[in-house]
Amino acid sequence: MKLKKLFPILLATPLVVALAQSYFTPSELEAIKTGGKAYAEVFLNQRPDQALCSFHRNRLPADLLPQFLEEQRALIKYPASGKLMGDWKKGGAIFNNLQKANCFSCHFGSPVHLGGDVGPSLEKYGLKRGQSEAIQRYTYEVIYNAWAYFPCTVMYRFGALGGLTPEEIADVVAYLLDPESEFNTKPAVGSK
Amino acid sequence: MSPRVWWKVAALFLLALALAQGEVDPREEAKRQKQLLLETAGILPTELIVEQGKELFNRKGPSGKTMAECDFGLGKGVLEGAAARLPRYFLDTGKVEDLDGRILTCMTRVQGFRPDQIRRQEVVAVAFYIASFSTGKPIQVRLLFPQERELYTLGEKLFYARSGARDIGCATCHVTYVGRRAGVLPYADVLGRDKSWTHWPAYRYSNDQIWTMQDRIRACYGNIGHPQPNLYSLPILALELFMAYQNNGAVVEEWPAFVR
């Protein structure tokens, strides 16, 4: 095929698919299969965006960023009710559960568990940031798909990869933002 | 009380003490725990396991041979420094093998055990014993054979890969967030400063477990809900070869190690 003909096809293809179709070669995938079915499946089904982050070792070149961010944004869905702040009590149970969301392990600020320092401190997040529409949306979207703001970051993409439903995420947003929430009324474990 | 029970009691007591005292440098803390344990129990768990491994090493298999008939890379029965040069390619099997895998090969091909007769705890005990002959030795892993180079490349790719429902990747924790913590221990700089390859096999006093690097890697996947690779599988071996090669030249302070 001539380059001219190829060009429109490339344009129509999502960036991640065009640039990093597969990170592992077929023979590498064969070797990975000796790790067992469940293990191998994770790599056989590696997502194109994961392949791209793998290939660039978590630092995407600047020219790829705009389209990557746009594609990550497109994955974000919102609660049917349209409300981005739900029930802070339910949100607290999610935030502080190791199996469920594990937020506290990476973020300082929980009044229930001592937090880690992998991510920035969220101590008194709602009191510091307020509850404006913009802050609600930002917080919701970061939790739904952190890669839409921080490409290839370590924070899980809770909504985009199905760890939490839109409603659960709205509950967590309320836990962080609602001035009544214990996250904002009680001292964080370990605060001075 | 038997010595084994004794040091278990002592270990739990010391651990409770350490937890009550709050945060301390985990490496320094492990040294302190080891010293205290030695003073209270008179013997270290690592020494007991090495002793068990020695007995297993000298036990005759169905073929009538002991493990002294096996070549761990430096010739039949030579253990001095052998573990520090693994993983490596072996001509007799046509495969790259690490310490665990080579012990399996020895027990099946030379000693005549059936694979289903081999218990994991025995393999680990023998690994402790063989590794103990490499204390003070530098890591010397090479990429000579094409099989070694291919596995190294796979290991490097796996190390930087993001996968699964939580976008897991070794490098995200052990390169990007070195020193940060999401639990008790800070993320080690496994490719660099911490020379993590030299910390395993080890006794983990916080859990009373004996682990080789194979177990360590599986735990890193499992801790965050990623499916774990099977023991003795190629992805584990590939990650090991990659990490060992990155730590080439690092001197083994003590094998088996004593860690949190």
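Residues numbered from 1 in each chain as written. Chains lettered and ligands numbered in written order. Predicted model: local features only at pLDDT ≥ 70, side-chain atom pairs only at ≥ 80, totals over all residues. Heavy atoms only, no water.

1. Describing the overall build of chain A
Across its full length, chain A holds 12 helices and zero strands. Taken over 192 residues, chain A has a buried fraction of 49%. For chain A, long-range pairs separated by at least 24 residues make up 63% of all intrachain contacts whose partners lie at least 6 apart in sequence. As presented, chain A carries roughly 10,000 Å² of accessible surface, and 60% of it is formed by carbon and sulfur atoms. (Helix = DSSP H or I, 4+ residues; strand = E, 2+ residues; numbered from the N terminus. Buried < 20%, exposed > 50% of the residue type's maximum accessible area, 1.4 Å probe, protein only. Contact = heavy atoms within 4.5 Å. Areas by Shrake-Rupley, 256 points an atom, 1.4 Å probe, with all protein chains shown as cover.)

2. A closer look at the state of the cysteines
Here the structure, examined in full by the defined rule, presents two disulfides over all chains. Between the sulfur of Cys70(B) and that of Cys106(B) lies a disulfide, 2.0 Å long from S to S. Residues Cys70(B) and Cys106(B) are joined through a disulfide that is right-handed, its torsion about the S-S bond being 75°. One end of the pair, Cys70(B), is in the loop between helix H3 (45-57) and strand E1 (88-90); the other, Cys106(B), is in helix H4 (residues 99-110), with 36 residues separating them in the sequence. On the accessibility criterion, Cys106(B) (3% relative accessible area) is buried. Left unpaired, Cys103(A) is separated from the closest cysteine sulfur, that of Cys106(A), by 8.7 Å. Here Cys103(A) falls in the buried class, since its relative accessible area comes to 13%. Considering cysteine sulfurs only, Cys170(B) is the nearest to Cys220(B), which forms no disulfide, with 7.4 Å between them. (Disulfide = S-S within 2.5 Å.)

3. Things to note about the interface of chain B and chain A
Often the size quoted for an interface is simply the accessible area lost on bringing the parts together. Contact residues are listed per partner, giving 30 residues for chain B and 33 residues for chain A. Between chain B and chain A lies a buried interface of about 2,900 Å² when both sides are counted; carbon and sulfur atoms form 55% of it. In this assembly, chain B and chain A are joined by three salt bridges. Here Asp167(B) ties to Arg157(A) by a salt bridge, and the two come within 2.7 Å at their closest N and O atoms. At the boundary of chain B and chain A, one finds 18 residue pairs in polar contact (both at pLDDT 80 or more). Sorting the residues of the side of chain B that touches chain A by element identifies helix H6 (146-160), helix H7 (170-176) and helix H9 (234-246) of chain B as the ones contributing at least two each. Considering each element in turn, the side of chain B that touches chain A owes the most residues, six residues, to H6(B). Considering only residue class, the side of chain B that touches chain A consists of 14 nonpolar, nine polar and seven charged. (Buried area = accessible area lost by both parts, 1.4 Å probe. Salt bridge = Lys/Arg side-chain N within 4 Å of Asp/Glu carboxyl O. Polar contact = N/O pair within 3.5 Å; in protein donor to acceptor, adjacent residues only side chain to side chain. Nonpolar A, V, L, I, M, F, W, Y, C, P; charged D, E, K, R; others polar.)

4. Examining the confidence of the model for chain A
Per-residue confidence for chain A gives a mean pLDDT of 91, with 89% of residues at or over 70. Of the regions scoring below 50 in pLDDT, residues 1-12 of chain A engages in three contacts with residues more than four places distant in sequence or in other chains. (pLDDT = per-residue confidence, 0-100.)

5. Some words on the domain arrangement of chain A
Residue and element names in this part refer to chain A. Domain annotation for chain A reports domain 1 (2-68) and domain 2 (88-185). At the junction of the two partners, domain 1 supplies eight residues and domain 2 supplies five residues. Counting each side, the surface lost to burial between domain 1 and domain 2 is near 550 Å², with a carbon and sulfur contribution of 71%. Our count for the contact surface shared by domain 1 and domain 2 stands at one salt bridge. Asp49 is the partner of Arg157 in a salt bridge, and the nearest nitrogen-oxygen pair spans 2.9 Å. Across the contact surface, domain 1 and domain 2 share one residue pair in polar contact (both at pLDDT 80 or more). Going through the elements one at a time, helix H5 (48-55) and helix H6 (65-73) are the ones with two or more residues in the side of domain 1 that touches domain 2. No other element matches the three residues that H5 contributes to the side of domain 1 that touches domain 2. (Domains from an automatic or database assignment.)

6. Focus on H6(A)
All names here are of chain A. Of all the residues in H6, the buried ones are Phe68, Glu71 and Gln72. End-on, the buried residues of H6 take up no more than an arc of 100°, which puts them together on one face. Facing away from the buried side of H6, by more than 90 degrees, are the exposed residues Pro66 and Glu70. (Arc of directions from axis to C-beta.)

7. Describing empty space enclosed by the protein
The method is simple in principle: a probe with the dimensions of a water molecule rolls over the atoms, and the space it marks as empty is what remains. Residue and element names in this part refer to chain B. Under the criterion given, the structure shown has one cavity of 30 Å³ or more. Leu99, Asp100, Trp197, Trp200 and Pro201 are the residues nearest the centre of the largest cavity, which is lined by 14 residues in total. For the lining of the largest cavity, the per-class residue count stands at 10 nonpolar, one polar and three charged. (1 Å grid on protein atoms, 1.4 Å probe; cavity = no way out; pocket = protein on both sides within 12 Å on 5 of 7 lines; lining within 4 Å. Points joined across faces, edges and corners; volume = space filled by probe spheres on them.)

8. Digging into the sheet that holds strand E4 (residues 209-211) of chain B
All names here are of chain B. Taken in spatial order, the three strands line up as E4-E3-E5 in an open sheet, and their pairing is mixed. A strand with exactly one partner marks an edge of an open sheet, and here the two such strands are E4 and strand E5 (257-259). Neighbour to neighbour, the strand axes of the sheet diverge by 25° on average, direction disregarded. Contacts from helix H8 (residues 213-222) reach strand E3 (202-204) and E4 within the one sheet, and its direction differs from that of E4 by about 105°. (Pairing = 2+ DSSP bridges. Axes fitted to C-alpha atoms, helices over the stretch in contact; angles between N-to-C directions.)

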